[in-house]
Structure formats: structure tokens, C-alpha cells
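Listed below, chain by chain, are the residues.
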Amino acid sequence: MPLHLISPALRHRRLWYRYRQEFFAAGETHIPGMSAKANTYAAFLRQRRRYASEKTVPQHYVPDALYFLMDDSETKILGAVNIRFYLNENLLNRGGHIGYAVAPSERRKGYATEQLRLALAKCSELGVGEANRVLVTCNKANTASARTIQKTGGVLEDERTDCNAMVIQRYWIALDGGTHA
């Protein structure tokens, strides 16, 4: 089933509510790129517009774009990926250029790997990255995410401990398919 990334639009409202609720039902409160403060789809779309521009992004954040992962039928949001246009100090240490999530019911189906591949292509299109590479991070305990990053060419640079004593693995992925460590 062909997958693609698509920008959130008004027609995705019902799908967004279902996607978001699936995370909450699974006991997950953090969904990359989706603020818990945006309780309505209208608020979510307003937030996405604000975060897309250097002029309106909140202080201590960087401009970004969010895309939904969908198949051609577009009847369900399978995942979401957040692409940050550049790195600040926080993102350099623990967030990276790309954050992604797959709906709990859609995990272990290969969607995360395909979503990250599509996000890397989108980074190339948008001119995101440093020296033709992007930083993707994950919690060391999240071995599934580490495998996904490695499958898409991620090269581990180092591990850093954040303020919550969580070990963050930092991977660089070459946008040209080569290796840039």
C-alpha cells in the first residue's frame, strides 16, 4: 500500500481526533508535533500555522512543518512527522530535525521506517539539514525507534543524558544516501 506525507487540512478533522484519541487510550500523552494544549482541530491548525513561520513561532522553538502519514485511501492517519527547519541548543541535544510517531494500532507494520524515509526526502526538498545530513534522536530505551533510525542510514554519534536522567541517542542520517558521521 503506497504511503505519502500530507499537510494537515480541514478535511482531516475527524481523522485527527481519532488519531489523537488512540494515543490517549494507549496511555500516551506525548505525541510528537501535537501539543496537548490544542484540544480542538481548529486550535491545532492555528498552532501549526504559528509554528511554521520564523515570525510567529514561540520563543525557544524553531519553525517546523508537520505532516500526516497516510495511504492512498486517506481514511486514517497512520502517523505524523514533525520536521524542524534548523536546530537550536535543545534540539541539538535531544530533539533533532525530525520527530515522528505512529498510531499505536499501526505499529510493527513497517510504517515508521517508511515515514522516516519520506521525511528524509521532504528534508531534502525543503533544504533542511546541516552538511547534507539531519539529526534524529530517540530515547535509548526505545529500541524500536533506534532500529528504525538505523534502517534509514542513521549513524550513532553519541548518547547524552537529559535533565530527567533519560539517555538520548543522537543519530545523523545523510540525505544523499551516503554516510556522514
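Residues numbered from 1 in each chain as written. Predicted model: local features only at pLDDT ≥ 70, side-chain atom pairs only at ≥ 80, totals over all residues. Heavy atoms only, no water.

Chemist: Quick question: what am I supposed to make of the pairing of strand E5 (residues 133-139) here?
Modeler: The side chains of a regular strand alternate, first on one face of the sheet and then on the other. For E5, the buried fraction is high: six of the seven residues fall into the buried class. Here seven bridges tie E5 to strand E7 (residues 167-174), and the two strands are oriented antiparallel to one another. The residue of E7 that forms the bridge with arginine 133 is alanine 174. (Buried < 20%, exposed > 50% of the residue type's maximum accessible area, 1.4 Å probe, protein only. Helix = DSSP H or I, 4+ residues; strand = E, 2+ residues; numbered from the N terminus. Pairing = 2+ DSSP bridges.)

Chemist: Before we go on, may I ask you to explain helix H5 (residues 143-151) in this structure?
Modeler: Along an α-helix, residues three or four apart share an orientation, since each turn contains 3.6 residues. Buried within H5 are the following residues: Ser145, Ala146, Thr148 and Ile149. Buried residues along H5 cover an arc of 160 degrees about the axis, so they all sit on one side. For H5, the secondary structure elements touched by its buried residues are strand E4 (98-102), helix H4 (111-126), E5 and E7. Where H5 terminates, the next one or two residues include glycine 153, which has phi positive at roughly 100 degrees. (Arc of directions from axis to C-beta. Contact = heavy atoms within 4.5 Å.)

Chemist: Explain the packing of aromatic side chains to me, please; I cannot follow it from the model alone.
Modeler: How two aromatic rings sit relative to each other is set out by the distance from centre to centre and by the angle between their planes. Enumeration over the complete set of coordinates arrives at seven aromatic pairs. A centroid spacing of 5.4 Å and a plane angle of 55 degrees characterise the contact between tryptophan 16 and tyrosine 41, whose relative ring orientation is tilted. Placement of tryptophan 16 in helix H1 (residues 13-25) and of tyrosine 41 in helix H2 (residues 41-51) is noted, with a sequence separation of 25 residues between them. Here the aromatic residues Trp16, Tyr17, Tyr41, Phe44 and Phe68 are joined through ring pairs into a cluster of three or more. Stacked on the ring of tryptophan 172, the Lys or Arg arginine 133 has its end atom at 3.8 Å from the ring centre. (Phe/Tyr/Trp six-rings, centres within 6.5 Å; stacked < 30°, edge-to-face > 60°. Lys NZ or Arg CZ within 6 Å of the ring centre and 35° of its normal.)

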